[in-house]
Amino acid sequence: MMTQYAHQPAFLTGDEFSIPTFSVLSPDGELYSGADTPPLEQARARRIYHAMLATRILDERMLAAQRQGRLSFYMQCTGEEAAVVGATAALDDADMIMAQYREQGALMYRGFSIDEFMNQLFGNELDYGKGRQMPIHYGSRKLHYMTISSPLATQIPQATGYAYGQKMAGKGHCTLTFFGEGAASEGDFHAALNMASVHHVPVIFFCRNNGYAISTPAVEQFAADGIAPRAFGYRMHVIRVDGNDVLAVYEATRQAREIAVERNQPVLIEAMTYRLAAHSSSDDPSGYRSKDEEEAWRIKDPLLRMQKWLLAKGWWSEEEETREQETLRREVLGTMKRAEKRSPPPLDSLISDVYADVTPALQRQFDQLKRHIRRYPDAYPRGAQSLDLDVRTDTDTQGEA
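Residues numbered from 1 in each chain as written. Predicted model: local features only at pLDDT ≥ 70, side-chain atom pairs only at ≥ 80, totals over all residues. Heavy atoms only, no water.

Under an unreviewed UniProt entry, the protein has the name 2-oxoisovalerate dehydrogenase subunit alpha and belongs to Vreelandella arcis. Among the UniProt annotations of the protein, the heading Function (unreviewed entry) holds the following wording: "The branched-chain alpha-keto dehydrogenase complex catalyzes the overall conversion of alpha-keto acids to acyl-CoA and CO(2). It contains multiple copies of three enzymatic components: branched-chain alpha-keto acid decarboxylase (E1), lipoamide acyltransferase (E2) and lipoamide dehydrogenase (E3)." What the UniProt record of the protein gives under Catalytic activity (unreviewed entry) is the line "N(6)-[(R)-lipoyl]-L-lysyl-[protein] + 3-methyl-2-oxobutanoate + H(+) = N(6)-[(R)-S(8)-2-methylpropanoyldihydrolipoyl]-L-lysyl-[protein] + CO2". (UniProt positions renumbered as here; feature names shortened; annotations may be inferred.)

The next point concerns unusual backbone geometry. Only a minority of non-glycine residues have a phi that is not negative, and only a minority of peptide bonds are not trans. At Lys130, a position not held by glycine, the phi torsion is positive, near 60 degrees. With respect to the helices and strands, Lys130 occurs in the loop between helix H4 (114–122) and strand S3 (145–146). Positive phi, normally seen in glycine, also occurs at Ala153, with a value near 80 degrees. Within the secondary structure layout, Ala153 lies in the loop between S3 and helix H5 (155–169). Its relative accessible area of 0% is what places Ala153 among the buried residues. (Helix = DSSP H or I, 4+ residues; strand = E, 2+ residues; numbered from the N terminus. Buried < 20%, exposed > 50% of the residue type's maximum accessible area, 1.4 Å probe, protein only.)

Our focus in this paragraph is the packing of aromatic side chains. The final tally for this structure, using the stated rule, is twelve aromatic pairs. Between Phe117 and Tyr138, the ring centres sit 5.0 Å apart and the planes meet at 90 degrees, which makes this aromatic pair edge-to-face. Separated by 21 residues along the polypeptide, Phe117 in helix H4 and Tyr138 in the loop between H4 and S3 bring together distant segments of the chain. The two residues Phe117 and Tyr138 agree in class, both being buried. In this structure an aromatic cluster arises from ring pairing among Phe112, Phe117, Tyr128 and Tyr138. Its end group placed over the ring of Tyr212, Arg289 keeps NZ or CZ at 5.9 Å from the ring centre. Positioned over the ring face of Trp315 is Lys313, at 4.6 Å from the centre of the ring. (Phe/Tyr/Trp six-rings, centres within 6.5 Å; stacked < 30°, edge-to-face > 60°. Lys NZ or Arg CZ within 6 Å of the ring centre and 35° of its normal.)

What follows covers the pattern of salt bridges. In total, this model carries 26 salt bridges according to the counting rule given. Between Glu320 and Arg46 there is a salt bridge; the shortest N-O distance is 2.9 Å. With Glu320 in helix H10 (residues 318–341) and Arg46 in helix H1 (residues 42–67), the pair connects residues that are 274 residues apart, well separated along the chain. Residue classification places Arg46 among the partly exposed positions, given a relative accessible area of 28%. We note a salt bridge from Glu251 to Arg254, for which the minimum N-O separation is 2.7 Å. With Glu251 and Arg254 both in helix H7 (residues 246–263) and three residues apart, this pair spans about one turn of that helix. In this structure Arg254 comes out as partly exposed when scored by relative accessible area, which is 23%. One salt-bridge network, held together by shared partners, links Glu80, Arg102, Glu103 and Arg208. (Salt bridge = Lys/Arg side-chain N within 4 Å of Asp/Glu carboxyl O.)

Once that is clear, we can look at the pairing of strand S8 (residues 237–242). Note that strand S1 (residues 21–22) and S8 share two bridges and pair parallel. Bridged to Phe22 within S8 is Val241. In this structure, S8 lies alongside strand S9 (residues 267–272), joined through six bridges in parallel fashion. Within the sheet, the bridge partner assigned to Asp242 lies in S9 and is Met272. (Pairing = 2+ DSSP bridges.)

Further remarks concern the side chain of Thr273. Residue placement: Thr273 occurs in the loop between S9 and helix H8 (291–298). Here the side chain of Thr273 touches Gly79 through a polar contact of 3.1 Å, landing on its backbone oxygen. Excluding residues within four positions of it along the chain, Thr273 makes contact with Gly79, Glu80, Asn209, Asn210, Gly211, Gly243, Asn244 and Trp297. (Polar contact = N/O pair within 3.5 Å; in protein donor to acceptor, adjacent residues only side chain to side chain. Contact = heavy atoms within 4.5 Å.)

Read across the open sheet, the seven strands follow the order S1-S8-S9-S5-S4-S2-S3; overall the sheet is parallel. Strand pairing shows two members of the sheet lacking a second neighbour, S1 and S3, which therefore form its edges. Of the pairings in the sheet, the one linking strand S4 (residues 175–180) to strand S5 (residues 203–209) comprises six bridges and is parallel in character. Bridged to Thr177 within S5 is Phe205. Here H7 sits on the sheet and contacts S1, S4, S5, S8 and S9; the angle it forms with S8, its principal contact strand, is near 165 degrees. (Axes fitted to C-alpha atoms, helices over the stretch in contact; angles between N-to-C directions.)

With respect to the helices, strands and loops of the structure, Met336 is situated in helix H10. Spatially, the C-alpha atom of Met336 lies 38 Å from that of Arg240, the residues being 96 residues apart in sequence. Ignoring anything within four residues of it in the chain, the contact list for Met336 reads Arg61, Met62, Ala65, Arg70, Met118 and Phe122.

This paragraph deals with the side chain of Gln307. By secondary structure assignment, the location of Gln307 is in helix H9 (residues 302–313). Ignoring any residue separated from it by four or fewer positions in sequence, one finds Gln307 in contact with Tyr49, Trp316 and Glu321.

Taking 1.5 Å as the rise per residue, helix H6 (residues 187–199) with 13 residues should run 18 Å; its terminal C-alpha atoms sit 18 Å apart, in good agreement. Within the sequence span of H6, burial applies to Phe189, Ala192, Leu193, Ala196 and Ser197. Viewed along the axis of H6, the buried residues span an arc of 120 degrees, placing them on a single side of the element. In the core, the buried residues of H6 are packed alongside H5, S4, S5 and S9. One or two residues past the end of H6 sits His200, with phi positive at roughly 55 degrees. (Expected span 1.5 Å × (residues − 1). Arc of directions from axis to C-beta.)

Written out as structure tokens, the structure reads:
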């Protein structure tokens, strides 16, 4: 790096840099003047829209289920579907995704079934996590989607480490990690970007800047111009994109992947979007933002924007829209009813894979737990139900799913 000298003090604030927002589609679904349609064939475009629509319907139904007391907790992707699904569609399906907790659209795009969503949400015997986690903590080894962990921002440095392994393997894959602008205030964010730049690893840092860290608005989180300028401190490629414009997100991520995989260089993407729903089922956004603000963003709804574009191209129809919505709602409701009736995981699964062999101390604790549940079965109905369940075979469980 060439050193430049000045002989009078000159302090910089970063205001000298202005990062534009890349956008292709206007809210009415038409291309902006001077914008180009990315290389997106009809089949992939329909797959993207289907995943966005299915995610919206899943979120609506499961929030209602939580309000009915059928589910303990839920978080919606509503309003951010273009950012999540558009970015995922630009990756190779074998690229790793490390998500935060609002990226169910990525799994939906890659083929995670409604059954698989429901099994995790209800923590039943078919849940891959064996009921050990709260709802929305999905994971799928076959779909290259790392299981969600609750602590904020831990996935960001993990993504750098995983991408370093991909670089060493040399198979042309990268890692993309999703996080919110609030998570970018954690030290893990800065450690991850620094490591990625120093070690030249193929990782894409994808920030969903939806304006709020739960109830804290962005203006109270940081004084600078968003998250994108932070890339300059790490000499990293960066782009800011309209997060409600699925075509812009797709193209930005597609080119970011080329930089990551072909040059082994990290990229930061800041997607400007908005969380139309509450932070979670435990949150009431009316306490910190206005209805007028929400309505202004509903006009920019990413689903409506892409739907209008598809209709104009003749790749979708009003009849298909109606039919697809009805089909998805029936599937979500029917699958939910099946999932909540399934048995819980066998109680033995609590300790069956903690160690290669169950330690004597752990076995004593487990035996004490079983005695306690047998003594007070009414206080632990699901525990009592799972106490003596037989572990089913793969054939048995596949028949139910």
